[in-house]
Amino acid sequence: MTWITQPHNNTLFAHLVSLMPPLNMHAGPWIAGGSARKLAQQQPFEAGDVDVFFAAHSQRLAWTQQFESMLRYDLAEKPTAFDHCLEITSLESHAQDGLYIKPKKFTAPYCYKKLETDNADTYGVYFELDHTVHDIDVQLIKTRYAPTLLDLWRDFDFTISCYAADSHTVYHTASAAEDLDHNRIVINNALPKRNLALRLIKHHAYGFDVAPELLIEASQLIARGEYEWNEIY
């Protein structure tokens, strides 16, 4: 298995990556999975999670510490766009009872932890770009480590998940691009995964073609209670 590269030219993704510690396509960490695939499709990536995978537990711990330090880790609750974009001041000369709403200067980018599970730590990364405020979910995966990107992909359940990206390039396998071109779900790793049934149904809902036998298998797994929602590819 080898990888193929293509540029993505997504300035929002490039800026998000610039706020993080370095990625390394050879040694990790890697942004991989759905967000990278969406870059290849020229679709908005920011509606879903940006998943970061690591080569080892120690690498994840060191990267997380640097991530929180670079972005100013904030323990506070999730901010609201109103709190950070508007400021109410009193002006005696204003006609509407002395109240005036004006744009408020945006503070430095920061992150805050939204969720912590056995699978991942999920952070909101809060920043402004081109006068637009963004709050993007970044998941630091802690249940799957791999020494190389190719090894990481080998453990992904679907071929179309075998994508990765950095600030300017998308990396993928030949089969990932072929199956994405045909809009089809093909099993990449057949080892049992308790989240496979729900991931098949999720991707089918996204509009991907799933073979009838796979949908039947997914429904049977769900009927037997052999499933869980644990998004680990």
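Note on numbering: residues in each chain are counted from 1, in written sequence order. Only residues with pLDDT of at least 70 are given local features in this predicted model, and only at 80 or more are side-chain atom pairs given and counted; all residues enter the totals for whole chains, interfaces and linings. Side-chain calculation: all heavy atoms of the structure are included, whereas hydrogens and water are not.

Segments assigned H or I by DSSP are reported as helices when at least four residues long, segments assigned E as strands when at least two residues long, and all are numbered from the N terminus. From N to C terminus, the protein includes 8 helices and 10 strands. Here the protein holds 233 residues, and the buried ones make up 45% of them. Contacts between residues were defined by any pair of non-hydrogen atoms, one from each residue, lying within 4.5 Å. Counted over contacts in the protein with a minimum sequence separation of 6, partners at least 24 positions apart contribute 64%. Exposure classes here rest on a 1.4 Å probe applied to the protein chains alone. A residue is buried below 20% of its type maximum, exposed above 50%, and partly exposed in between.

Right, let's get into the packing of aromatic side chains. In this scheme Phe, Tyr and Trp rings, the latter by its six-membered ring, pair at centre separations within 6.5 Å, and the angle between planes marks the pair as stacked below 30 degrees, edge-to-face above 60, and tilted otherwise. Taken as a whole and assessed by the stated rule, the structure comprises 9 aromatic pairs. Where phenylalanine 53 meets phenylalanine 156, the ring centres are 5.4 Å apart and the plane angle is 55 degrees; that geometry is what we call tilted. Placement of phenylalanine 53 in strand E3 (residues 50–54) and of phenylalanine 156 in the loop between helix H5 (149–154) and strand E9 (163–165) is noted, with a sequence separation of 103 residues between them. When its relative accessible area of 0% is taken as the criterion, phenylalanine 53 is described as buried. Through a chain of ring-to-ring contacts, three or more aromatic side chains come together here, namely Phe54, Trp63, Phe67, Tyr73 and Tyr123.

The next thing to look at is the pattern of salt bridges. Any carboxyl oxygen of Asp or Glu within 4 Å of a side-chain nitrogen of Lys or Arg constitutes a salt bridge here. What the rule picks out here adds up to 9 salt bridges. For glutamate 178, the salt bridge identified is with arginine 184, shortest N-O distance 3.4 Å. With a relative accessible area of 42%, glutamate 178 lands in the partly exposed category. According to the relative accessible area criterion, arginine 184 is partly exposed, its value standing at 29%. Residues joined by salt bridges that share partners form a network here, namely Lys113, Glu116, Asp121 and Lys142.

In these notes, a set of buried Ala, Val, Leu, Ile, Met, Phe, Trp, Tyr and Cys residues joined through side-chain atoms within 4.5 Å is what counts as a nonpolar core. In terms of nonpolar packing, the biggest core is built from 57 residues, with Leu16, Phe67 and Val125 touching the most fellow members. A per-element tally of this core places strand E7 (residues 120–129) first, with 5 residues. Beyond its immediate stretch of four places on either side in the chain, valine 125 contacts Leu16, Leu19, Phe67, Leu71, Tyr110, Cys111, His134, Asp135, Ile136 and Val138.

On to the confidence of the model for the protein, then. Taken residue by residue, the protein gives an average pLDDT of 85. The fraction at 70 or more is 80%. A score from 0 to 100, pLDDT tells how confident the predictor is in each residue. Confidence over residues 81–104 falls short of pLDDT 50; this stretch has 33 contacts with residues more than four positions distant or in other chains.

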